[in-house]
Amino acid sequence: MELPRLVVVGSGVAREVADVCRDLKLKGGALIVTGPTTCELAGEEVSRRMEDDGFDTSLMITKYSKIEEVERAERMAADMEAGFLIAVGGGRSIDVAKLASQRAKLHFVSIPTAASHDGICSAQASITIEGETTSVSAHAPLGIIADTAIISKAPKRLLAAGCGDIISNITAIRDWKLASRLRGEEYSEYASALSEMTAKMIVETAPSLKPGLEESARVVVKALISSGVAMSIAGSSRPASGSEHKFAHAVNRIDPGKALHGELCGLGTIVMMYLHGGDWKMIRSALQEVGAPTSASEIGIDEETVVEALTTAHNIRPERYTILGSGLPREAAAAAAKKTKIL
Ligand SMILES: [Zn+2]
């Protein structure tokens, strides 16, 4: 099990970045990987606070989580003889720093600026290699600094997407249990219980989650961290990624860039819960309460994309057995999507 050693959540905690790095016994210079917007929002301040405390820093601004950017980060870290990396951003910067630091055998600290997906603390990095986005196994951050003052100011769509990524644990766990019963797949009660409890907590608190509120940012970011911990306990993304994630990846393959990861996972969870014979209406209303999309038209994907994604999703990570089994027939896919009002 590889778990983060220090997790700091609170208002204004990004200001304590240097203290956190010292507590983690991190030494040497820090390569700070950040995005163009997140640099202004927090990256520059993190850099200044580190410099004021005597750490050497270099800023790397990245727009894409491409393998070339991972290699650029590795080169920059080597040139400045960095002792560790810090990622300040929503997702791309974290993915780049996560993989680059692992390849360079250095630790990294994650400072998420939004609560939009569980990659902020997981060991998986989503990286584009030769035009194809894949989940690459890397390592978990040594420390996480989740500043609710920053996260609560992120666009509201991001918080809703984060809720979708957490709620998706419900079908991921059902798929895992199915694979354990049907295929004898290794199963962890602890990882499963933690992942499921985290998702149920978000479903229960959905009515009170509001964008712009620090308390809501705190609840969602802690749930994302819990999901990440569940994955660390399991040693894979199994507790937080099943058939609904396959659907999300399939949509992205067919019609890339239309929707956020968590939005697609939320949609997928509604349909997969229906296929599992579970309470899909409960999932749908929780997503509606947090302001996440519950139909394909809300995110601008058409009927053909949805049906094709549902019928081809099983081909993504085929070794990961789910309710999709060896594939959904076209008629069943269309019927499930219509029944659950995705279409
Ligand atoms: Zn996810």
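Refer to the structure presented above.
Residues numbered from 1 in each chain as written. Predicted model: local features only at pLDDT ≥ 70, side-chain atom pairs only at ≥ 80, totals over all residues. Heavy atoms only, no water.

Asker: I'd like to hear about the overall build of the chain, residue by residue, with values.
Answerer: Check the secondary structure of the chain and you find 14 helices and eight strands. The C-alpha radius of gyration of the chain comes to 19 Å, within 12% of the 20 Å expected for a compact globule of 343 residues. Dimensions of the chain, computed from C-alpha atoms along their principal axes, come out at roughly 60 × 40 × 35 Å. For the chain, buried positions account for 56% of its 343 residues. As presented, the chain carries roughly 14300 Å² of accessible surface, and 49% of it is formed by carbon and sulfur atoms. On the chain, the mean spot of the 38 positive side-chain charges and the mean spot of the 43 negative ones are 4 Å from each other. (Helix = DSSP H or I, 4+ residues; strand = E, 2+ residues; numbered from the N terminus. Rg over C-alpha atoms; globule rule 2.2 N^0.38 Å. Buried < 20%, exposed > 50% of the residue type's maximum accessible area, 1.4 Å probe, protein only. Areas by Shrake-Rupley, 256 points an atom, 1.4 Å probe, with all protein chains shown as cover. Lys, Arg positive; Asp, Glu negative; His and termini not counted. Charge placed at Lys NZ, Arg CZ, Asp CG, Glu CD.)

Asker: How would you summarise the pairing of strand β3 (residues 57-61) if you had to cite specific residues and measurements?
Answerer: One ladder, built from five bridges, connects strand β2 (residues 29-34) with β3; its direction is parallel. Its bridge partner lying in β3, Val 33 is registered against Met 60. As for the winding sense of the linkage, the β-α-β connection from β2 through helix α2 (residues 36-52) to β3 is right-handed. (Pairing = 2+ DSSP bridges. Right-handed = clockwise from strand over helix to strand, strands pointing away.)

Asker: I'd like a description of the environment of Leu 224, backed by residues and values.
Answerer: With respect to the helices and strands, the residue Leu 224 is situated in helix α9 (residues 214-234). Its relative accessible area of 0% is what places Leu 224 among the buried residues. Apart from the residues within four sequence positions on either side, Leu 224 is in contact with Ala 115, Ser 116, His 117, Asp 118, Ile 120, Cys 121, Gly 162 and Ile 166. (Contact = heavy atoms within 4.5 Å.)

Asker: Would you mind going over the coordination of the zinc ion in detail, with residue names and values included?
Answerer: For the zinc ion, the protein coordination sphere consists of Asp 165 (OD), His 245 (NE2) and His 261 (NE2), at 2.1 to 2.2 Å. Here the donor residues of the zinc ion are spaced in sequence according to D-x79-H-x15-H. With Asp 165 in helix α6 (residues 156-167) and His 261 in helix α11 (residues 261-275), the pair connects residues that are 96 residues apart, well separated along the chain. On the basis of relative accessibility, which here comes to 0%, the residue Asp 165 falls in the buried class. Looking at His 261, the relative accessible area reads 29%, which means it is partly exposed. (Donors = N, O, S within 2.8 Å, 3.2 Å for Na, K, Ca; no water.)

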